[in-house]
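Letter by letter, the chains look like this.
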Protein chains: 2
Amino acid sequence: MLSYSEENHLKAIFHLSLNNESGVSTNSIASKMNSKAPSVTEMLKKLSEKNLVVYKKYQGVLLTDFGRKTALSVIRKHRLWEVFLVKKLNFKWDEVHDIAEQLEHIKSEKLTNELDKFLDYPTHDPHGDPIPNPAGFIKYTAKLVLSDLLIGETGKFFGVKDSSSSFLKYLDKREISLGSNIKVLHKEEFDESIQIGLDDTNLSISVKSAANIYVTKL
Amino acid sequence: MLSYSEENHLKAIFHLSLNNESGVSTNSIASKMNSKAPSVTEMLKKLSEKNLVVYKKYQGVLLTDFGRKTALSVIRKHRLWEVFLVKKLNFKWDEVHDIAEQLEHIKSEKLTNELDKFLDYPTHDPHGDPIPNPAGFIKYTAKLVLSDLLIGETGKFFGVKDSSSSFLKYLDKREISLGSNIKVLHKEEFDESIQIGLDDTNLSISVKSAANIYVTKL
DNA sequence: AAATTAATTTAGTCTTGCCTAAAAAATATA
DNA sequence: TATATTTTTTAGGCAAGACTAAATTAATTT
Ligand SMILES: [Mn+2]
Ligand SMILES: [Mn+2]
Ligand SMILES: [Mn+2]
Ligand SMILES: [Mn+2]
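A brief look at the structure comes next. (Residues numbered from 1 in each chain as written. Chains lettered and ligands numbered in written order. Predicted model: local features only at pLDDT ≥ 70, side-chain atom pairs only at ≥ 80, totals over all residues. Heavy atoms only, no water.)

**Some thoughts on the overall build of chain A**
Right, on to step 1. Scanning chain A from N- to C-terminus turns up eight helices and eight strands.
Right, on to step 2. Taking all 218 residues of chain A together, the buried fraction comes to 46%.
Right, on to step 3. Long-range pairs, those at least 24 residues apart, make up 62% of the contacts in chain A between residues at least 6 apart in sequence.
Right, on to step 4. Approximately 11,700 Å² of chain A is accessible, and the part contributed by carbon and sulfur atoms is 51%. (Helix = DSSP H or I, 4+ residues; strand = E, 2+ residues; numbered from the N terminus. Buried < 20%, exposed > 50% of the residue type's maximum accessible area, 1.4 Å probe, protein only. Contact = heavy atoms within 4.5 Å. Areas by Shrake-Rupley, 256 points an atom, 1.4 Å probe, with all protein chains shown as cover.)

Have a look at this one:
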């Protein structure tokens, strides 16, 4: 039985290893966990002891298959609960993350699977992130970002990179929501802002925003 | 922000003080919590410090208004989640308690109240226990037990005293379920067993079982 | 290649929540 | 009322999970 802290460390290592194939550094884990390096080192020893990670001093760390599966089970719960909160309990997509951080640690396989069924087997959470299946399989979509599109191209908005509450609210205000088709109309040379077409309205967004919007090219 | 252990102690004290008006003993708390007396003493000092209980050495302990409200908020969550598990996720009434023990500690008032709404403001949990309202008000029903009924009287089954999994399964097997009307047909002198009528079937149950079945006399 | 800087680990400490064993207080019994 | 028993508290310790400061190793610069 893993502790919350062990589960959270596994999750952090999982997310970091998506960008860092070779090995995740102690400091990067500490910064993601809002903790300090010595706390991480200590945890890595424990996780290694339990065969959840492969760790050698000063060498960075990687998940074992078992560790990866465990991390994905926590992520599965996190995302299913987020769907539940939005779809069934009227939460906004910017309000669910912190509560899901608590709910992801509830231990009951039956609960997770019944919740999955109750939600009609959702494939993605409210921010467009894919939900792992019970076996720990996760289906990734190629990650193209709105700012990658050329002028004249159209993309379908399928997820956000940064799902901070402020960015999500920003999108809400502009009525840019998951599933929208976004056409790149113009790119301003001066400040790199991008004019986009959304249904019948046109608006201008910053590159920074555009770089946080995942799209599939249409 | 209270810890799980603090919340669980408050819950234990609340339940124990229903029978013990005057003050709850250290040992009784320890036994309900499956812990030892010194752990309880230490916790009582902390809860007292936080104005959740009134505690004087060797004098037993009682909840303050604040402590009582806090305990009831945890109990409210516990029972709402139990309703959710049974009504929405196909759990049996004997499977929900342990999961609710985890879920009762999730911190979000909005979550609790949205869940309440989603479940259509249930008044009782799957075992017939009343659900406190958001203000911490709880509506008790006079607790008459099946074995209190006289021969010829009929009672409506509204709750169980002992909600251990084994007793709940026992009731399931005999198809004695919440809401049933139960008529006392006969009491055997020899072993005190009770013959009851349920819909069209008759069956015999022990006094021990009958003493765990709450009824309202019809 | 040496020196400097950065990253990581070790050493030692603190808090929470639990425990056992011993002491003290309250209660029951002779 | 004195003694024995039970209950509760105190004393002291342990594990988990965090931290700071110091030491060590690795990486970068000169
Ligand atoms: Mn999230
Ligand atoms: Mn978490
Ligand atoms: Mn319960
Ligand atoms: Mn609990």
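**Structural notes on the coordination of the manganese ion (ligand 2)**
Residue and element names in this part refer to chain A.
Right, on to step 1. Coordination sphere of the manganese ion (ligand 2), protein contribution only: Asn8 (OD1), Glu101 (OE), Glu104 (OE) and His105 (NE2), at 1.9 to 2.7 Å.
Right, on to step 2. Linear spacing of the donor residues for the manganese ion (ligand 2) on their chain is N-x92-E-x2-E-H. You can see Asn8 sitting in helix H1 (residues 4-17) and its partner His105 sitting in the loop between helix H5 (97-103) and helix H6 (109-118), a full 97 residues away along the chain. (Donors = N, O, S within 2.8 Å, 3.2 Å for Na, K, Ca; no water.)

**Some thoughts on empty space enclosed by the protein**
Residues and elements named next belong to chain B.
Right, on to step 1. For the structure on display, the rule yields two cavities of 30 Å³ or more.
Right, on to step 2. For the largest cavity, the calculated volume is near 60 Å³.
Right, on to step 3. Surrounding the largest cavity, His124, His127, Gly128, Asp129, Pro130, Thr141, Lys143, Phe158, Gly159, Val160 and Tyr214 form its lining.
Right, on to step 4. Of the residues forming the lining of the largest cavity, the biggest block, three residues, is contributed by strand S4 (residues 154-160).
Right, on to step 5. Class assignment for the residues of the lining of the largest cavity results in four nonpolar, five polar and two charged.
Right, on to step 6. Taken as a whole, the second largest cavity holds about 40 Å³ of empty space.
Right, on to step 7. For the lining of the second largest cavity, the per-class residue count stands at three nonpolar, three polar and two charged. (1 Å grid on protein atoms, 1.4 Å probe; cavity = no way out; pocket = protein on both sides within 12 Å on 5 of 7 lines; lining within 4 Å. Points joined across faces, edges and corners; volume = space filled by probe spheres on them. Nonpolar A, V, L, I, M, F, W, Y, C, P; charged D, E, K, R; others polar.)

**Points about the protein's contact with DNA strand D**
Right, on to step 1. Around DNA strand D, the structure places 21 residues, and the nearest of them are Ser5(A), Ser39(A), Lys46(A), Tyr55(B) and Lys57(B).
Right, on to step 2. Sugar and phosphate atoms constitute 80% of the interface atoms of DNA strand D, taking the interface as everything within 4 Å of the protein.
Right, on to step 3. A distance of 3.0 Å is found between a phosphate oxygen of DNA strand D and a backbone nitrogen or oxygen belonging to Tyr58(B).
Right, on to step 4. When contributions to the surface near DNA strand D are tallied by element, the ones reaching two or more residues are H1 and helix H3 (37-49) of chain A together with helix H2 (26-33) and helix H3 (37-49) of chain B.
Right, on to step 5. Split into classes, the residues belonging to the surface near DNA strand D amount to six nonpolar, 10 polar and five charged. (Near = heavy atom within 4 Å. Polar contact = N/O pair within 3.5 Å; in protein donor to acceptor, adjacent residues only side chain to side chain.)

Purely geometric stuff here, so don't read any function into it on its own.
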